[in-house]
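A closer look at the structure
Okay, here's what each chain looks like letter by letter:
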Amino acid sequence: MKEFPAPYQVMESLAGYINRAYRDQREKQEGVIQFHLTYKNERLDCYLRFAPEGVSLSKGVAKDPAVTVKSTLYHWLDLAAGRLNPLIGILTGKLRFSGDTSFFSKVMSEEIFGTDISEYDDPVTDFEKRPHKYWRIPERVLVLNASPRAGQGYTEFYLEAFLRGLGKTCASIDMVYLAEQRINRCRGCWYCWLSGTGNCVFKDKDDFEKINQRYEDADLVVFAFPLYIDGMPSLLKDFLERTVCHYHPYMIRGHHRTRHPRRKRKKQAVVVFSVSGFPELDNFRAVKEHFRQITHNSHQPIVAEIYRPAGMYLYNNPLLYRELNEVMEALEMAGEEVGRYGKLSRKTLKVIQQRIDRVSDFRRLSNLFWKEKIRDNDRTY
Ligand SMILES: Cc1cc2nc3c(=O)[nH]c(=O)nc-3n(C[C@H](O)[C@H](O)[C@H](O)COP(=O)(O)O)c2cc1C
């Protein structure tokens, strides 16, 4: 278990930052800053020695400190973090300095907590903001079908119509059934980041890398999945967690939020495609929000979100045959629209997401369906 850091450990960690900044200073000041700090009911006496070879922290009291700081640990941390103005700290009695305060400002005034990562800058692109404006018919499409029932499920059934339409414009559509792949779960070791290579510890030990190559080459990625416990199935989540290796560990500004720069940059768009058991469109609310965040962090704009509620019911209810036909035709149209224009018309989406029947009928007929399946010992679904 991670232990709660002791105050001296905090000072050591801080000294590390100060040392790094000091090493970069051209004119090295030499001297000692003595600290008499309090933390809860404890006293912490320690000092920082600035010498040409670097900054070191020691416990106790130094002989001839250039400057002495008396305060609580928290106030000192506020000062170090720039949250407390030194003058205000002195006037309010939060900080007490004695000795040569100019030494303190000379060694502490440099940029301590920062490093230049401009070479990794990867700002929000115009394509990300308005993909349809900069759209080119995708040369390569990768479809990740994350139904545990792979090619036998309702996800596949509806997806097939969409892909038929997409195939009218896009030459290469590559399908991966995640259920048929062996993908180890990310174990959060940060090897991909710490090694500086982006290679996972599981490289060549499972099927991820092989799919990842195709993923990285794709111009359009279709995430297709059944709604599972109000979200994506773990098959897809496991895959997505492994894509953390696509990024550098550095933090940059994204679209109103922080994110990481990518290792490989490519104009790549996303389609989110899901089917559910429940009949209300609102069941996809969490998925919608989740993919908004995921694609922000992956620098990929979403060009279409296709959610078909009650996928199973619509397929199995003979009274909804007309509606099923309409949905399938609209899905094909949607595929063509997305491929050609990088967006989906409202009219098409409305037909795909049309409400089927009254919800009370849905419950009645679904219950009949399940009851009969159980009674007849029928395991098909
Ligand atoms: C474990 C599990 C969890 C599910 N959770 C939900 C859910 O939260 N909301 C919902 O509307 N449907 C849920 N469903 C129903 C599926 O989304 C629905 O049956 C879908 O059509 C299955 O697609 P598939 O045949 O491609 O697997 C769940 C199904 C399973 C097996």
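Up top is the structure.
Right, let's walk through the structure included here. The shown structure was predicted, so the numbers you read here are calculated from the model rather than taken from an experiment.

Things to note about helix α8 (residues 208–217)
It helps to recall that an α-helix has 3.6 residues per turn; residues three or four apart then point in one direction. Regarding α8, the residues found buried are Phe208, Glu209, Ile211, Asn212 and Tyr215. For α8, the angular spread of buried residues about the axis comes to 155°, placing them on one side. On the buried face of α8, the contacting elements are β6 (140–145), β7 (172–177), β8 (220–226) and α9 (234–242).

So, the site of the ligand
Near the ligand lie 15 residues; those nearest to it are Tyr154, Thr155, Leu227, Asp230 and Tyr381. Interatomic distance of 2.7 Å between a backbone N/O atom of Leu227 and an oxygen atom of the ligand. Here Ile229 contributes a backbone N or O atom positioned 2.8 Å from a nitrogen atom of the ligand. Among the residues making up the shell around the ligand, the classes are represented as eight nonpolar, five polar and two charged.

Here we look at the sheet that holds β7
The strand order across the open sheet built from five strands is β7-β6-β8-β11-β12, with neighbouring strands paired in parallel fashion. For this open sheet the edge positions go to β7 and β12 (302–308), each flanked by a neighbour on one side alone. Adjacent strand axes in the sheet meet at a mean angle of 15°, parallel and antiparallel pairs treated alike. Two elements, strand β11 (residues 269–275) and β12, share six bridges in a ladder whose sense is parallel. The partner of Val270 across the bridge, within β12, is Ile302. The sheet contacts of helix α10 (residues 285–297) involve β8, β11 and β12, and relative to β12 the element is tilted by about 160°.

Notes on the nonpolar core
Soluble globular proteins tend to pack their nonpolar side chains together in the buried interior. With 38 residues, the main nonpolar core has Tyr158, Phe162, Leu220, Phe273 and Leu331 as its most contacted residues. Elements represented by at least two residues in this core include exactly β6, α6 (154–166), β8, β11, β12, α11 (311–316) and α12 (321–341). Filtering out sequence-adjacent residues up to four positions away, Phe162 remains in contact with Val222, Val271, Phe273, Ile306, Leu331, Glu332, Ala334, Gly335 and Val338. Residues Ile33, Val67, Leu95 and Met108 belong to the second largest nonpolar core, which totals 30 residues.

Re the side chain of Arg242
By the secondary structure assignment, Arg242 is in helix α9. Here Arg242 falls in the buried class, since its relative accessible area comes to 3%. When sequence neighbours within four positions are dropped, the list of residues in contact with Arg242 reads Ile183, Asn184, Arg185, Cys186, Cys200, Phe202, Asp206 and Phe208.

What to know about the side chain of Asp238
Checked against the element boundaries, Asp238 lands in helix α9. For Asp238, a relative accessible area of 15% translates into the label buried. What Asp238 contacts, discounting residues up to four positions off in sequence, is Ile183 and Arg185.

What counts, and at which threshold
Residues numbered from 1 in each chain as written. Predicted model: local features only at pLDDT ≥ 70, side-chain atom pairs only at ≥ 80, totals over all residues. Heavy atoms only, no water. Buried < 20%, exposed > 50% of the residue type's maximum accessible area, 1.4 Å probe, protein only. Helix = DSSP H or I, 4+ residues; strand = E, 2+ residues; numbered from the N terminus. Arc of directions from axis to C-beta. Contact = heavy atoms within 4.5 Å. Near = heavy atom within 4 Å. Polar contact = N/O pair within 3.5 Å; in protein donor to acceptor, adjacent residues only side chain to side chain. Nonpolar A, V, L, I, M, F, W, Y, C, P; charged D, E, K, R; others polar. Pairing = 2+ DSSP bridges. Axes fitted to C-alpha atoms, helices over the stretch in contact; angles between N-to-C directions. Core = buried A, V, L, I, M, F, W, Y, C linked by side-chain atoms within 4.5 Å.

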